[in-house]
Amino acid sequence: MSKRTRNDSNEQSNNAPMKEIRPRNDPSQWKIRKVLGEPDVALDRMFKFTRPEAEHVLCSIGNERVAKAKEGGDVRVKMVDLDTGTQHELSFRKVRCGNVFGFKLGWLTHFVVRRRLKVGDEIGMYVDPNSSVFYFSVLSSASVDK
């Protein structure tokens, strides 16, 4: 169990099972690794997955939720921030045009703003197929502007 128990406003304590989580520095753990670009942290955009990343998610969240997402519906998912020990609810969905999936609601508030993510930060995510819970960590931070 993580010793981190920080609870900011709009955050819940982490009740997700932590025993199956490998150490953060295990590169095989992170099925989704991304150096954030401007669209990932822009306040008017959604976080979009590449096709292989979306396939990892779709294979891990269950058939009913996949069907809903493919129809353009919001699929609520739980994301555990391993760095802070908090859990958050996000909306996973398909964008209106094309076959692109991503996070719409929750990404900006709970991750970009709260964690002060910026262009150049590298993040990691993966989905536990047993629980459909997403796990998140900042793997490296971009240099600080002076």
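Residues numbered from 1 in each chain as written. Predicted model: local features only at pLDDT ≥ 70, side-chain atom pairs only at ≥ 80, totals over all residues. Heavy atoms only, no water.

### A look at the confidence of the model for the chain
Mean pLDDT over the chain: 83, with 79% of residues reaching 70 or higher. Long-range and interchain partners of residues 1-23, a stretch whose pLDDT sits below 50, account for 41 contacts in this model, where long-range means more than four residues apart. (pLDDT = per-residue confidence, 0-100. Contact = heavy atoms within 4.5 Å.)

### Re the nonpolar core
Nonpolar side chains tend toward joint burial in soluble globular proteins. Core analysis: the largest hydrophobic core is formed by 29 residues, its most contacted members being Phe49, Phe92, Phe103, Trp107, Leu117, Met125 and Phe136. Of all the secondary structure elements, the ones that give two or more residues to this core are α2 (51-58), α3 (63-70), β4 (75-81), β5 (86-94), β6 (101-103), α4 (107-113), β7 (122-128) and β8 (133-140). Top contributing element to this core by residue count: α4, with 4 residues. Residues Val80, Tyr126, Val133 and Tyr135 belong to the second largest nonpolar core, which totals 6 residues. (Core = buried A, V, L, I, M, F, W, Y, C linked by side-chain atoms within 4.5 Å. Buried < 20%, exposed > 50% of the residue type's maximum accessible area, 1.4 Å probe, protein only. Helix = DSSP H or I, 4+ residues; strand = E, 2+ residues; numbered from the N terminus.)

### With respect to the environment of Ser137
If you trace the backbone, Ser137 turns up in strand β8. Sequence-wise, Ser137 and Trp30 are 107 residues apart; in three dimensions their C-alpha atoms are separated by 9.2 Å. Within the structure, the side chain of Ser137 is placed 2.8 Å from the side chain of Asp83, a separation counted as a polar contact. (Polar contact = N/O pair within 3.5 Å; in protein donor to acceptor, adjacent residues only side chain to side chain.)

### Observations regarding the side chain of Thr84
Position of Thr84 relative to the elements: it lies in the loop between β4 and β5. There is a polar contact of 3.5 Å between the side chain of Thr84 and the side chain of Arg114.

### Some remarks on the pairing of β4
In terms of residue burial, β4 counts as a mostly covered element, since 5 of its 7 residues are buried. The pairing of β4 with β5 spans 7 bridges and is classified as antiparallel. Bridge pairing links Lys78 to Glu89 in β5. Linking two consecutive strands that pair antiparallel, namely β4 and β5, is a turn of 4 residues; a positive phi of about 75° is found at Gly85 within it. Both β4 and β8 contribute to a ladder of 3 bridges, which runs parallel. Bridge pairing links Val80 to Tyr135 in β8. (Pairing = 2+ DSSP bridges.)

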